[in-house]
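# Secondary and tertiary structure notes
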Amino acid sequence: MILQGLDAERCYRAVASRDARFDGWFFTGVHTTGIYCRPSCPARTPLARNVTFHTTAAAAQHAGFRACRRCRPDAVPGSPEWDVRADVVARAMRLIADGEVERAGVPGLAGRLGYSERQLNRLLVGELGVGPLALARAQRAQTARLLIETTTLPMADVAFAAGFASIRQFNDTVREVFATTPSALRPATPRVDGGAPGWLTLRLAARAPYPAEEVLLFLGAHAVGGLEEWDGTTFSRVLDLPHGPAVVQLSPTAGGISARLRLSQLRDLGAAVSRCRRLLDLDADPVAVDEVLGADPALRELVAAAPGRRVPASPDADELAVRAVLGQQVSVAGARTLTARLLTTAGTPLAEPVGTLTHVFPRAAALASADLSTVGLTGARRRTVGILAAALADGTVTLDPGADRAEASRDLLALPGIGPWTVAIVAMRGLADPDVWLPGDLAVRKSLALVGSSDTDAATRWRPWRSYAVQHLWALAVPSLFTRHPRPVRSSS
């Protein structure tokens, strides 16, 4: 369902049928009302001659449309296209979603991607119709509405937390995007959760089908004490955000995930939401994935038994890379133990622990200089962790959301002690690449034998969704990571 270059006829068919699968893929501008909507908007379908289609909310806003207050088009899942693609536009979109423009401005964004501001603007405008500033502005507007509707914060605090440079800019943007004032957006009773002060609760939308319980169980099965916690329903963890640590508590809810956040600074809300969405693989296109994998006889039963299966990632690829090295040739339980020891040895304690959550995972610079002799690593493994941390700290290896995935993999593979399996795990669960094969994985090999395939055959068999194929094969080999009551799954070739 890749929509590079919008097909107006296809888009209109999706609007006419109110097809929710396309929410987030494109937006419909209705000229007779001056609003833009998601494809599944319940309002009466406009005539084809009265609509235009836009790839982003920012492009619709730039064209003069305001957000529909009925279908809330700025609250849909993000486009899966930016995770699937590896070109500079997709990398820019991932960085903008993570808040790079707010932190470093357009010059910082362009520099991170290796382009001049003019080149980057030309690429984005050429494909999306708007430049990086407009894209970041649309994201700020969405963040502002979240804060207005779910907190009782003063509007001035909302403005600066959402990334606006001034109250006037905040007011003007809200009026332009939502056709109302900020105070009018706030409900009489804001949708706060009634919990302790300092916590925000919001709903993270997902495309159906979304197996929320399975995703959280998988994350819980890998939870590291002090950093993460799993109580059977809610998965909690510490996030290392640009302006300070945060704690997030994630629970299943209708149509997605409920996220309860405690931030050091509210201006990190946008980055926190972006990283939680990546962690939970919320922006995937499950229909496209299942169509490809379910058409293969080897995976047909597995896909039918678990529609919409996701690939949980990491909110921090640097952290995932270190954890992948610690997990080389050891069990899941062994990797958790080693990571917990490293956390208490080199991590930063939280000023206020939350339950069993006590530490922030150490950043690369701190880890590179830490004494890890008490963690229980072999000398070779300890050297590998040190080399990796130093490479991440000095920029030899870059794994942020805007990283060139192929380049990052080559740079990782060049480090002593890091092999193809580790590189693949980092690409799949650190960089959220949907098309990664896991060479030499014992659990995958076990499942391949059951479904009548081989490592060599499978390495190219399930493109462009090989990461999801790996997840299905893991579920076959180690069902306890995916369900509380695992049952044997039979599959035929």
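Above this text is the structure in question.
This report concerns the structure included in the present document.

### Comments concerning the nonpolar core
The biggest cluster of nonpolar side chains holds 76 residues, and the ones touching the most others in it are Leu399, Trp462 and Trp474. The dominant element in this core, judged by the number of residues it contributes, is helix H23 (residues 466–477), at eight residues. Ranked by size, the runner-up nonpolar core spans 50 residues in total, among them Phe27, Leu147, Leu200 and Leu282.

### Regarding the environment of valine 125
Looking at the secondary structure, you find valine 125 in helix H6 (residues 117–128). Note: C-alpha distance between valine 125 and valine 89 (36 residues apart in sequence) is 9.9 Å. Beyond its immediate sequence surroundings of up to four residues, valine 125 is in contact with Val130 and Gly131.

### Describing the sheet that holds strand E6 (residues 228–230)
On the basis of which strands lie adjacent, the open sheet formed by five strands has the order E5-E9-E8-E7-E6 and antiparallel pairing. Edge strands, defined here as strands with exactly one partner in the open sheet, are strand E5 (199–205) and E6. Between one strand and the next, the sheet's axes are offset by a mean angle of 25°, whatever the strand orientation. Bridging between strand E7 (residues 235–241) and strand E8 (residues 244–253) involves seven bridges; their strand directions are antiparallel.

### Regarding the layout of surface pockets
Quantified by volume, the second largest pocket comes out at close to 960 Å³. Along the wall of the second largest pocket there are 40 residues; nearest its centre are Gly327, Val330, Val332, Trp421 and Ile425. When contributions to the lining of the second largest pocket are tallied by element, the ones reaching two or more residues are helix H11 (212–221), E7, helix H15 (317–326), helix H16 (332–346), helix H20 (420–430) and helix H21 (442–451). It is H16 that contributes the most residues to the lining of the second largest pocket, five residues altogether.

### Digging into the sheet that holds strand E2 (residues 35–37)
One open sheet holds the four strands; their spatial order is E3-E1-E2-E4, and the pairing between them is mixed. What marks the edges here is a single partner per strand, and that holds for strand E3 (51–54) and strand E4 (66–67). By the bridge criterion, four bridges tie strand E1 (residues 27–30) to E3 in an arrangement that is antiparallel. Bridge pairing in E3 places phenylalanine 27 opposite histidine 54.

### Examining the packing of aromatic side chains
Applying the stated criterion across every chain yields a total of eight aromatic pairs. On the basis of an interplanar angle of 75° and a centroid distance of 6.1 Å, the ring pair of tryptophan 465 and tyrosine 468 is categorised as edge-to-face. Across this residue pair, the class does not change: tryptophan 465 and tyrosine 468 are buried. The rings of Phe22, Phe26 and Phe53 are connected pair by pair, giving a single aromatic cluster. We note arginine 140 situated over the ring of phenylalanine 164; from NZ or CZ to the ring centre the distance is 5.5 Å. Cation over ring: arginine 260 sits above tryptophan 199, and NZ or CZ is 4.2 Å from the ring centre.

So, how was this worked out
- Residues numbered from 1 in each chain as written.
- Predicted model: local features only at pLDDT ≥ 70, side-chain atom pairs only at ≥ 80, totals over all residues.
- Heavy atoms only, no water.
- Core = buried A, V, L, I, M, F, W, Y, C linked by side-chain atoms within 4.5 Å.
- Buried < 20%, exposed > 50% of the residue type's maximum accessible area, 1.4 Å probe, protein only.
- Helix = DSSP H or I, 4+ residues; strand = E, 2+ residues; numbered from the N terminus.
- Contact = heavy atoms within 4.5 Å.
- Pairing = 2+ DSSP bridges.
- Axes fitted to C-alpha atoms, helices over the stretch in contact; angles between N-to-C directions.
- 1 Å grid on protein atoms, 1.4 Å probe; cavity = no way out; pocket = protein on both sides within 12 Å on 5 of 7 lines; lining within 4 Å.
- Points joined across faces, edges and corners; volume = space filled by probe spheres on them.
- Phe/Tyr/Trp six-rings, centres within 6.5 Å; stacked < 30°, edge-to-face > 60°.
- Lys NZ or Arg CZ within 6 Å of the ring centre and 35° of its normal.

That is the geometry; function is a separate question.
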